[in-house]
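# Coordinate analysis (summary)
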Amino acid sequence: GSVAAQKLFFGNSDAGDLLPLFSAFFDTEVGGKREAASYARIAEALGRAAGDNVFLSDVVAELDAARDAGLRTVLVDRREDYPQPRTGSACNGHPRVESFAEIEIERPGDHAP
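So, here is what we can say about the structure in this document. As the structure is a prediction and not an experimental result, all values here were calculated from the model.

## Overview of unusual backbone geometry
Positive phi is not limited to glycine here, since asparagine 92 has a value of about 50°. Taking relative accessible area as the criterion, asparagine 92 reaches 36% and is therefore assigned partly exposed.

What follows is the structure, given as structure tokens:
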């Protein structure tokens, strides 16, 4: 969706204002959501290595494209949207969560000696 819609959604979530957790927002101007090159451009725009970014989606084809570009991926399989959990091959190898609360993000340096 549009950047404005994304900000409205994450600024008024069930968990409160999540906007401080995001460093940037992108829409389809950066490219198609099922094209790996789009995710490579996002990583470049953020000035970070592809693997330092985590891409969340409920669409496996988008996750596949992000993974092809080197991003880390998480399938968000909310039960209200998907009453039958997607498991096994339906996840196509992407880690699966049912809510944002289940996501554990490692920040660079978390495991520094």
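## Remarks on helix α2 (residues 36-46)
Taken residue by residue, α2 has Ser38, Tyr39, Ile42 and Ala43 as its buried positions. For α2, the angular spread of the buried residues around the axis is 140°, confining them to a single face. The exposed residues of α2 that point more than 90 degrees off its buried face are Glu44 and Ala45. One or two positions beyond α2, positive phi appears at glycine 47, with a value near 70°.

## Description of the side chain of threonine 73
In this structure, threonine 73 sits in strand β2 (residues 72-76). Owing to a relative accessible area of 9%, threonine 73 belongs among the buried residues under this scheme. Of note is the side chain of threonine 73, whose polar atom sits 2.7 Å from the side chain of histidine 94. Setting aside its immediate chain neighbours within four residues, threonine 73 contacts Phe55, Leu63, Ala66, Arg67, His94 and Pro95.

Reading guide: rules and limits
Residues numbered from 1 in each chain as written. Predicted model: local features only at pLDDT ≥ 70, side-chain atom pairs only at ≥ 80, totals over all residues. Heavy atoms only, no water. Buried < 20%, exposed > 50% of the residue type's maximum accessible area, 1.4 Å probe, protein only. Helix = DSSP H or I, 4+ residues; strand = E, 2+ residues; numbered from the N terminus. Arc of directions from axis to C-beta. Polar contact = N/O pair within 3.5 Å; in protein donor to acceptor, adjacent residues only side chain to side chain. Contact = heavy atoms within 4.5 Å.

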